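Secondary and tertiary structure notes
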Amino acid sequence: MPAAAVAETATTTNTQLRNTANTALARGRRATARPARSARPATSRPCTLWAVSDLHVHSQGNADIVDKYLRPPNPDDWLIVAGDVAEDIDTVVRTLAKLQQRYAHVIYTPGNHEIYARSDDRLKGRAKYDALIHAVQRLGVTTPEDPYVTFGDHTIVPLFTL
């Protein structure tokens, strides 16, 4: 199966998402990673929460697969990226930035490949994790360090332990 195989995990409507977001905001929690996206016209089309992992975009052909197949049928769909995008922070950020332009909301948790460091790497361990999380948060991507978000009736809890 290609590294970019996608599995459908949950479906809801835009109205349910807006109601959930309003409830979360009333409780003082961050409801969406990109408030500007909420300006999209309301539709009654069902939204889907997709999940992928192990994209390994540096491996031959995988970046092309991500580019070709990770395109939601509905621009209001959400995407969970569950680690192992790439070993260097810049590539992870570029990949997540592309995906965030396609999906209404991206949730990301690093994998072991993101934290991998060679002896001559400047950042290692917790320092590399912190730099990675900070970089993707600037994109508006939800991380394990952010408040949980909800998709319809589903609370999304991205986890990562060092």
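Nothing here was measured: the structure is a model prediction, and the numbers come from that model.

Calculation rules
Residues numbered from 1 in each chain as written. Predicted model: local features only at pLDDT ≥ 70, side-chain atom pairs only at ≥ 80, totals over all residues. Heavy atoms only, no water. Helix = DSSP H or I, 4+ residues; strand = E, 2+ residues; numbered from the N terminus. pLDDT = per-residue confidence, 0-100. Contact = heavy atoms within 4.5 Å. Phe/Tyr/Trp six-rings, centres within 6.5 Å; stacked < 30°, edge-to-face > 60°. Buried < 20%, exposed > 50% of the residue type's maximum accessible area, 1.4 Å probe, protein only.

Inspection of the secondary structure puts Leu49 in strand S2 (residues 46-52). For the pair formed by Leu49 and Tyr103, sequence separation is 54 residues and the distance between their alpha carbons is 9.8 Å.

Per-residue confidence for the protein chain averages 79 on the pLDDT scale, and 72% of its residues sit at or above 70. In the model of the protein chain, helix H1 (residues 14-26) stands out as the element of lowest mean pLDDT, 42, in contrast to strand S4 (residues 105-109), which has the highest, 97. Note that pLDDT drops below 50 for residues 1-42; the model gives that stretch 89 contacts with residues more than four away or on any other chain.

We now examine the packing of aromatic side chains. Counted according to the given criterion, the structure contains 2 aromatic pairs. Both rings, one in Trp78 and one in Phe151, keep their centres 5.2 Å apart while their planes meet at 65 degrees; by these two values the pair is edge-to-face. Separated by 73 residues along the polypeptide, Trp78 in strand S3 (residues 78-82) and Phe151 in strand S5 (residues 149-151) bring together distant segments of the chain. Residue Trp78 is classed as buried on the basis of its relative accessible area of 6%. For Phe151, a relative accessible area of 0% corresponds to the buried category.

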